[in-house]
Amino acid sequence: MIEAIGIEKSFGQLKVLKSIDFKATSSEVVSIVGASGAGKSTFLQILGSLSRPDNGRVLIDGTDVFSLPSASLSSFRNRKIGFVFQFHHLLPEFTALENVMIPALIARMGASEARQKAAGLLRDMGLSERSSHKPSELSGGEQQRVAIARAIINNPSVLLADEPSGNLDSRTKQEIHSLFFKLRDKYGQCIVIVTHDRELASMSDRMLEMKDGMFLN
């Protein structure tokens, strides 16, 4: 489903990632833990094609993503990769429903179909009654669930999450943690989560620890 081969990345003289290999399959939840500065978020951005490696390849569903022209890569990313970040990045002027619809509209799905699909995802998230609310009218946990619905509306093969519960209280954090596994069971996505939360990491199918730009054995 997703494979990284020999990933290297430097910023100036600092080598952040040191020839990393990684593979994850459909319906698998993999967590990546490690101290700040270990290279976790940089690696996740490369997996998601948001940042290019200095060396190495990333394959998603057999496609070498960095061999694609820029326009094709943007389209591929929108269809195949979903992103969930610590900060929700919801557009404040749009409702929850409209925020979820946006990636589907970018992928040229018809407005009626996108609206219907977004409404279904918000129902799955327990947010049907909040669909017409704007982000400022939602709690942090509700905003994160909207962001997750937005991330999966195009049925991506891979869902990448960077500290998805980092800003949430303990109870809401547990709800978000459980939600990832419910999504995996329902939609079969490969989910890769970067987290400092060892409790979330321990729930995953696999936990990898990164230190100084490498995975520990």
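A brief structural summary. (Residues numbered from 1 in each chain as written. Predicted model: local features only at pLDDT ≥ 70, side-chain atom pairs only at ≥ 80, totals over all residues. Heavy atoms only, no water.)

## As for the pairing of strand S7 (residues 158-162)
With 5 of its 5 residues buried, S7 lies for the most part within the structure. By the alternation rule, side chains of S7 split into Val 158, Leu 160 and Asp 162 and Leu 159 and Ala 161, which are all buried. Of the pairings in the sheet, the one linking strand S6 (residues 81-85) to S7 comprises 5 bridges and is parallel in character. Residue pairing for S7: Phe 85 is matched across the bridge by Asp 162. Here S7 runs beside strand S8 (residues 190-194); their pairing, made up of 5 bridges, is parallel. What sits directly across from Leu 160, in S8, is Val 192. (Buried < 20%, exposed > 50% of the residue type's maximum accessible area, 1.4 Å probe, protein only. Helix = DSSP H or I, 4+ residues; strand = E, 2+ residues; numbered from the N terminus. Pairing = 2+ DSSP bridges.)

## A short note on the sheet that holds strand S4 (residues 55-60)
Strand order in the open sheet made by the 4 strands is S2-S1-S4-S5, with antiparallel pairing throughout. Because the sheet does not close on itself, it has two edges, and the strands there are strand S2 (14-24) and strand S5 (63-64). Of the pairings in the sheet, the one linking S4 to S5 comprises 2 bridges and is antiparallel in character. Within S5, the position partnered with Ile 60 by the bridge is Thr 63. Relative to the sheet, helix H1 (residues 40-47) contacts strand S1 (2-11), S2 and S4, its axis offset from that of S1 by approximately 125°. (Contact = heavy atoms within 4.5 Å. Axes fitted to C-alpha atoms, helices over the stretch in contact; angles between N-to-C directions.)

Purely geometric stuff here, so don't read any function into it on its own.
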